[in-house]
Amino acid sequence: MSLFAISLTAQKSNARLTSFEKINSNETTGIVADATSNSLSITTTIIYNAIPDGYHITYTKSFISKSVEEVEKQMNAVTDKLVADVKKAGICNENALVDIIALDPVFGLDLSDSIAAKPLGYKITENITFNVRKISQVRDLAKKCLEHDVYDMVSAEAFLHNSTPVYDSLSIKALEFLNKKKKLCTEIGWMFGDGKASFTKNSDVFYPSDRYLKSYINNQSIYKNHIAENSSITYSRGVNTDKYFTLNLKDADFVFNAKETNPVIQFRYQITYGYVKRDREKEKEDKEKEKEEQSKQKILFIMDKNGELKKVEMGK
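Residues numbered from 1 in each chain as written. Predicted model: local features only at pLDDT ≥ 70, side-chain atom pairs only at ≥ 80, totals over all residues. Heavy atoms only, no water.

(A) Highlighting the nonpolar core. If you look at the biggest cluster of nonpolar residues, it comprises 39 residues, and the most contacted ones within it are Ile-57, Tyr-59, Phe-130, Leu-141 and Leu-170. Residues within four places of Leu-170 in sequence aside, it is in contact with Ile-46, Ile-47, Tyr-48, Phe-256, Phe-267 and Tyr-269. One finds Leu-247, Leu-249, Ala-252 and Val-255 within the second-largest nonpolar core, a separate group that totals 6 residues. (Core = buried A, V, L, I, M, F, W, Y, C linked by side-chain atoms within 4.5 Å. Buried < 20%, exposed > 50% of the residue type's maximum accessible area, 1.4 Å probe, protein only. Contact = heavy atoms within 4.5 Å.)

As structure tokens, this is what we get:
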């Protein structure tokens, strides 16, 4: 700890920031420039950690009963109560979207001589999607779902109402850092003004959808429990975890909302600027060669009917 403190103090005395301080001060090192005597390449990378306007949280639930009417009644009773409780608790102000994705017959395992075997029951699977405004409400939503025996969250999609201000901020900041780097190159001694410039722009968006804590239930026999006798139920749960952020903030020149710890929608905006100087000496050599070729006299000969060659005077 003492050595670490000494090292940290020395870095501060030299006006250098640690990686942690760089991230929290919104500025990092990035790539400055790559130059030769005749060409220059500058890459500017800006990251924007956008706080979502809300989240679409989707749970899935299956119901099983001996008839279509019974399974539909069972589904409506659970779903309506869950949606009402969630809205009453202020977790979701809008009505949930209920989407039935499957209606399947359930058959027994006994062999039958009948060609047209009748199902023992029916299973309905539905998705319930809630519109949650804050990430802190996801936990309350999960509790309500557990109270109603709804366990499986299948997706959590963050969204923004308008991304135009984000891209405007990214382009302005990218141009600002590009000009800073060009100025640095000029101060070092690299000269602009006699050449051709080019650039490429790339942008990506990364959502936190695939980086939430999720749990999975694999159950192949659970839906026969209330119908078939002597059925066994086995649970196999797996947990998959990951972090919210995928981009390395150290690779960026500037990071908007770098201190944000909540799941964010990450925008990466990158400009690669290139400049190639005119090679005056080569242009001069090419001109001289071209002039020399043009100055050479072309001599043409034609063959007459007697088989003799005759010189053709140019310009006649």
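(B) Expanded view of the packing of helix 3 (residues 68-88) against helix 4 (residues 136-147). Across the interface, helix 3 lies against helix 4 with an axial gap of 10 Å and an inter-helix angle of 150°. Between helix 3 and helix 4, the interaxial angle falls into the category roughly antiparallel. The two elements helix 3 and helix 4 meet at a crossing, and its hand is right-handed. In this structure, helix 3 uses Leu-82, Asp-85 and Val-86 to contact helix 4, whose residues at the interface are Leu-141, Lys-144 and Cys-145. Taken together, the residues of the contact of helix 3 with helix 4 sort by class into 4 nonpolar, no polar and 2 charged. (Axes fitted to C-alpha atoms, helices over the stretch in contact; angles between N-to-C directions. Helix = DSSP H or I, 4+ residues; strand = E, 2+ residues; numbered from the N terminus. Parallel < 35°, antiparallel > 145°, perpendicular 65-115°, else oblique. Left-handed = near helix turned anticlockwise from the far one by under 90°. Nonpolar A, V, L, I, M, F, W, Y, C, P; charged D, E, K, R; others polar.)

(C) Summary view of the pattern of salt bridges. Under the definition given, this model contains 6 salt bridges. Between Lys-81 and Asp-85 there is a salt bridge, with the nearest N and O atoms lying 3.0 Å from each other. Highlighted residues: Lys-81 and Asp-85, both in helix 3, separated by 4 residues, approximately one helical turn. On the basis of relative accessible area, Asp-85 is assigned to the buried category, the value being 16%. What you see here is one network of salt bridges that share partners, running through Lys-173, Glu-176 and Lys-180. (Salt bridge = Lys/Arg side-chain N within 4 Å of Asp/Glu carboxyl O.)

(D) Layout of the sheet that holds strand 5 (residues 121-132). The strand order across the open sheet built from 4 strands is 4-5-3-6, with neighbouring strands paired in antiparallel fashion. The sheet terminates laterally at strand 4 (97-106) and strand 6 (152-159), the two strands that pair on one side only. Direction aside, the axes of adjacent strands within the sheet are offset by 20° on average. As judged from the 11 bridges shared by strand 3 (residues 54-65) and strand 5, these two strands associate in the antiparallel manner. The residue bridging Ile-57 from the neighbouring strand is Phe-130, located in strand 5. Along the sheet, helix 3 makes contact with strand 3, strand 4 and strand 5, crossing strand 5 at roughly 15°. (Pairing = 2+ DSSP bridges.)

(E) Here's a closer look at helix 5 (residues 164-188). In this model, helix 5 (25 residues) spans 37 Å end to end at C-alpha, consistent with the 36 Å of a helix rising 1.5 Å per residue. Burial in helix 5 covers these residues: Val-166, Leu-170, Lys-173, Ala-174, Phe-177, Leu-178, Lys-181 and Cys-185. Phi turns positive one or two residues past the end of helix 5, at Gly-189, with a value near 130°. (Expected span 1.5 Å × (residues − 1).)

Treat this as a map of the structure, not an account of what it does.
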